[in-house]
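Observations on the three-dimensional arrangement
Residue-level listing of the chains:
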Amino acid sequence: MNNYNDKSDEQLISLYVDGKNEAFDALLERHKDRIFMYINHSVRNEELADDIFQDTFVKAIMTIKQGRYVENGHFSAWITRIAHNLIIDYFRQAKAENLQSTDDTDVNILNRRELSDSTIEDDLVMSQIHSDVRRLIRALPESQREVLTMRYYMNMSFKEIADTTGVSINTALGRMRYAILNMRRMAEEHNIVLTL
């Protein structure tokens, strides 16, 4: 192999094409450390890097043997590009294997209401629910309506509600509890379906 050290990459490829297998050994020896380091740095797994490294040079051999290698004086860049493409192929395949398939189950995991756009019917139902809730809130005693409005529509804490209304936190909590109980009772009496 020593008599090949002074040859260029292109000369080594020509010798390899002519049947001198030692020429490719010299080519491999010349580039193996840099290519392996590039692959290993990308995949961060020495065993995987070794597999991709071998695939890189197998692909290079096949391309050269089939006469598809174009001499342009950039063998190093060409072999690096092969390694790069194999790394990308590996990551694409790994990503594809991690995707959930809906073919393996009787339930379509993508057929879920929260993943769909709302329909006109959904919008009408929600509009009716909001209208019913507003009507029920208006029917509450003033003190309960006030606490419920501050809590749900103004996002106030019970401490803030207590300070604003001049009552204790326990009283504010009690009013909220009674407001919800009263709304549920009224909804049942009038056959209103709520999402409370």
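Owing to the predicted nature of the structure, the values given are computational and were not obtained by experimental measurement.

Thoughts on helix α6 (residues 142-153)
For α6, spanning 12 residues, the distance from its first C-alpha to its last is 16 Å, which sits close to the expected 16 Å at 1.5 Å a residue. Looking at α6, one finds that the buried residues are Q144, V147, L148 and M150. Projection of α6 onto a plane perpendicular to its axis shows the buried side chains occupying an angular sector of 165 degrees, all on one side. Buried-residue contacts for α6 involve α5 (120-138), α7 (158-165) and α8 (169-189).

A short note on the environment of F53
Within the secondary structure, F53 sits in helix α3 (residues 46-65). Given the relative accessible area of 13%, F53 is considered buried. Residues F53 and A83, spaced 30 residues apart in sequence, show a C-alpha to C-alpha distance of 7.0 Å. Those residues in contact with F53, other than ones at most four positions away along the chain, are L28, K32, I35, F36 and I39.

Some words on unusual backbone geometry
A positive phi angle is found at R44, which is not glycine, with a value near 55 degrees. You can see R44 is positioned in the loop between α2 (21-43) and α3. Judged by its relative accessible area of 65%, R44 is exposed. If you check the backbone angles, N155 has positive phi at about 55 degrees while not being a glycine. Residue placement: N155 occurs in the loop between α6 and α7. A residue is classified by how much of its surface remains accessible, and N155, at 65% relative accessible area, is exposed.

A closer look at the pattern of salt bridges
Per the counting criterion, the structure on display carries 6 salt bridges. Notably, a salt bridge pairs K159 with D163, separated by 3.3 Å at the nearest N-O pair. In this pair, K159 and D163 are both assigned in helix α7, 4 residues apart and thus about one turn of the helix distant. In this structure, the salt-bridge partner of E189 is R185, at a minimum N-O distance of 3.1 Å. Placement of both E189 and R185 in helix α8 is noted, with a separation of 4 residues, approximately one turn of the helix. E189 sits in the exposed class, given a relative accessible area of 51%.

Procedures and definitions
- Residues numbered from 1 in each chain as written.
- Predicted model: local features only at pLDDT ≥ 70, side-chain atom pairs only at ≥ 80, totals over all residues.
- Heavy atoms only, no water.
- Helix = DSSP H or I, 4+ residues; strand = E, 2+ residues; numbered from the N terminus.
- Expected span 1.5 Å × (residues − 1).
- Buried < 20%, exposed > 50% of the residue type's maximum accessible area, 1.4 Å probe, protein only.
- Arc of directions from axis to C-beta.
- Contact = heavy atoms within 4.5 Å.
- Salt bridge = Lys/Arg side-chain N within 4 Å of Asp/Glu carboxyl O.

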